[in-house]
Amino acid sequence: MDKFLINGGKALNGEVHISGAKNAAVAILPAALLVNGKCVIENVPDISDVDSIIKMMVSLGADIKKTDCNTVVIDATSLNEWRAEPELALKMRASYYLMGALIGRFHKASVPPPGGCNFGTRPIDQHLKSFECLGCTIKCDDTFVNIDASLLSGGNVYFDVVSVGATINAILASVLAPGKTVLENCAKEPHVVDLANFLNSAGAKIVGAGTDVIKIHGVEKLNGVTYSIIPDQIEAGTYMAAAIATRGNVLIKNIIPKHLDCITSKFIEMGVSVEEYDEEIRVIADKPLKSIRIKTLPYPGFPTDLQPQMVALLSTINGKSTVTEGVWESRFQYIEELEKTGVRVSVDGNVATIEGGVPLKPASLRATDLRAGASMIIAALASEGTSEIYELRHIDRGYEHILDKLRGLGADIQRRDD
Ligand code: EPZ
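Remember, it's a predicted structure, so these values are computed and weren't measured experimentally. (Residues numbered from 1 in each chain as written. Predicted model: local features only at pLDDT ≥ 70, side-chain atom pairs only at ≥ 80, totals over all residues. Heavy atoms only, no water.)

Concerning the layout of surface pockets
Here is step 1: Of the volumes computed, that of the second largest pocket is approximately 240 Å³.
Here is step 2: Ala245, Thr316, Leu360, Ala382 and Ser383 are, among the 16 residues lining the second largest pocket, the residues nearest its centre.
Here is step 3: Its residues placed into classes, the lining of the second largest pocket shows 7 nonpolar, 6 polar and 3 charged. (1 Å grid on protein atoms, 1.4 Å probe; cavity = no way out; pocket = protein on both sides within 12 Å on 5 of 7 lines; lining within 4 Å. Points joined across faces, edges and corners; volume = space filled by probe spheres on them. Nonpolar A, V, L, I, M, F, W, Y, C, P; charged D, E, K, R; others polar.)

Digging into the domain arrangement of the chain
Here is step 1: When its domains are assigned, the chain resolves into domain 1 (2-18 + 232-417) and domain 2 (22-228).
Here is step 2: Each of domain 1 and domain 2 has a C-alpha centre, and these two points are 30 Å apart.
Here is step 3: Of the roughly 1800 Å² buried between domain 1 and domain 2 on both sides combined, carbon and sulfur atoms contribute 51%.
Here is step 4: A per-residue breakdown of the area domain 1 buries against domain 2 is headed by Tyr299, Trp328 and Arg397, which together make up 35% of the total.
Here is step 5: Between domain 1 and domain 2 we count 1 salt bridge in total.
Here is step 6: The salt bridge involving Arg397 is made with Asp49; its shortest N-O contact spans 2.8 Å.
Here is step 7: The interface formed by domain 1 and domain 2 contains 8 residue pairs in polar contact (both at pLDDT 80 or more).
Here is step 8: Of all the secondary-structure elements, those providing two or more residues to the side of domain 1 that touches domain 2 are helix H12 (370-381) and helix H13 (392-396). (Domains from an automatic or database assignment. Buried area = accessible area lost by both parts, 1.4 Å probe. Salt bridge = Lys/Arg side-chain N within 4 Å of Asp/Glu carboxyl O. Polar contact = N/O pair within 3.5 Å; in protein donor to acceptor, adjacent residues only side chain to side chain. Helix = DSSP H or I, 4+ residues; strand = E, 2+ residues; numbered from the N terminus.)

Some words on the site of the ligand
Here is step 1: By nearness alone, 25 residues border the ligand, and Arg93, Gln126, Ser163, Asp305 and Val327 come closest of all.
Here is step 2: Separating an oxygen atom of the ligand from a backbone N or O atom of Val164 is a distance of 2.8 Å.
Here is step 3: Here the ligand has 820 Å² of accessible area as a free molecule, and 91% of this is covered by the chains.
Here is step 4: Here the residues of the shell around the ligand sort into 11 nonpolar, 7 polar and 7 charged. (Near = heavy atom within 4 Å. Areas by Shrake-Rupley, 256 points an atom, 1.4 Å probe, with all protein chains shown as cover.)

Let's talk about the sheet that holds strand S3 (residues 38-42)
Here is step 1: Sheet architecture is open: 4 strands sit in the order S4-S5-S3-S13, paired in mixed fashion. The sheet is open, and its two borders are formed by strand S4 (63-68) and strand S13 (226-228), each paired with just one other strand. Geometrically, the sheet is characterised by an average inter-axis angle of 20 degrees between neighbouring strands, direction not taken into account.
Here is step 2: Where S3 and strand S5 (residues 71-75) come together, 4 bridges link them in antiparallel fashion. Bridge pairing in S5 links Ile41 to Val72.
Here is step 3: Across the sheet, helix H2 (residues 48-59) lies against S4 and S5, angled at about 145 degrees from S4, the strand it touches most.
Here is step 4: Of the strands in this sheet, S3 and S13 are in contact with helix H7 (residues 190-201), which crosses S13 at around 165 degrees. (Pairing = 2+ DSSP bridges. Axes fitted to C-alpha atoms, helices over the stretch in contact; angles between N-to-C directions. Contact = heavy atoms within 4.5 Å.)

Regarding the pattern of salt bridges
Here is step 1: In this structure the tally under the stated criterion is 20 salt bridges.
Here is step 2: Between Asp212 and Lys188 there is a salt bridge; the shortest N-O distance is 3.0 Å. In this pair, Asp212 is assigned in the loop between strand S11 (205-207) and strand S12 (213-217) and Lys188 in the loop between strand S10 (180-184) and H7, connecting sequence segments 24 residues apart.
Here is step 3: Residue classification places Asp212 among the partly exposed positions, given a relative accessible area of 38%.
Here is step 4: Residues Glu235 and Lys405 are paired through a salt bridge, measuring 2.6 Å at the closest nitrogen-oxygen approach. Placement of Glu235 in helix H8 (residues 233-245) and of Lys405 in helix H14 (residues 402-408) is noted, with a sequence separation of 170 residues between them.
Here is step 5: Under the relative-accessibility criterion, Glu235 is labelled buried at 2%.
Here is step 6: Lys405 sits in the buried class, given a relative accessible area of 11%.
Here is step 7: One continuous salt-bridge network, built from bridges that share partners, spans Asp2, Asp396 and Arg415. (Buried < 20%, exposed > 50% of the residue type's maximum accessible area, 1.4 Å probe, protein only.)

Shown next as structure tokens:
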């Protein structure tokens, strides 16, 4: 089993290039199934979640080639299957985007309920609600969610909760649906906007992405385009947290600073020096840092996908900090593992209280999910001595070339096959 060996206690210094956004890529790639013709998607992160979604699309009959590790050419003209392979779909949550894409393309879909990280129940009731508002009928058996969209037409959807996945799935299902669709109480994440921009460049008529209300006028067809995916705000925030936890000085390159406003404002509150440029941000942790309070919320609030990384970072800062998880019902399971490094965190419901400042110690750690794995890496980088991190498959899902990127910042890290 692969593991990282990290000899921590060294400040990270230098610069790191941020890759394309995982959560944009896993939405835009299936969206290309709606397009009559060839799409060239650039700046796709070289991660296993992308490999998984490509495998699922190929199993449906799409013709897909990678012309380099970050460019995917998709021709879905010969798509012939509307039933997703269960063993492939169960590997990741984003497989549910095949529902919206297949509804739009074939007016029917059979896709297993999603896999993915396990922080509490991960329902898809809002996805299914939006499909029903668009005229679909849904029957679930013990393997598939079976969707009949023979009467697909535009409709009005008011989401009970702000959901990235449901917002994206409703866009996918409605772009080719006859008539007008109005989505309200939508997610506003950058990757929702990126998907809408991709579809509009292919000829869709979507207005309002990035706001609470998105309006879609169905079109007859979409044409092949070349499109470049936005940089990953969560990858960027992860490297910023690692730089600060080791008291380093790092330039984060190839980003859209606006997407990181909610993150940089918390680092500034902590006492970190932040220098913002057009497509770069430098973080310098050269002064004593202070404990803070964080609450994760849908965008433009502080992102839940940085919550585990922040708990590790706050453990290195003197004083009492709190992190409130405002998106997922339970996303603190990783803390039991993290406590092996000596972090002092107590959890009460959706609030974690961190007593920071006690030096972290090296440990043998298991990545329990993608972002928890990032949290373990940060704790290991901040601990004097050699730590081991196992279950790297979780980390490989969402962090492109993380070993090289950390080495490029001076980290003493190796990957070993045990
Ligand atoms: C996306 O998951 C991301 N995944 C998650 O990132 C991220 O944590 C989450 O959005 C929130 O930003 C992808 O984009 C592939 P939601 P998603 O629907 O769409 C409830 C990562 O690390 N809900 O916005 O599944 C749900 O229980 C991953 O990259 C319903 O109640 O999240 C949660 O409490 C982890 N019913 C809240 O809404 C539904 O039908 C937000 O979930 C759907 C969601």
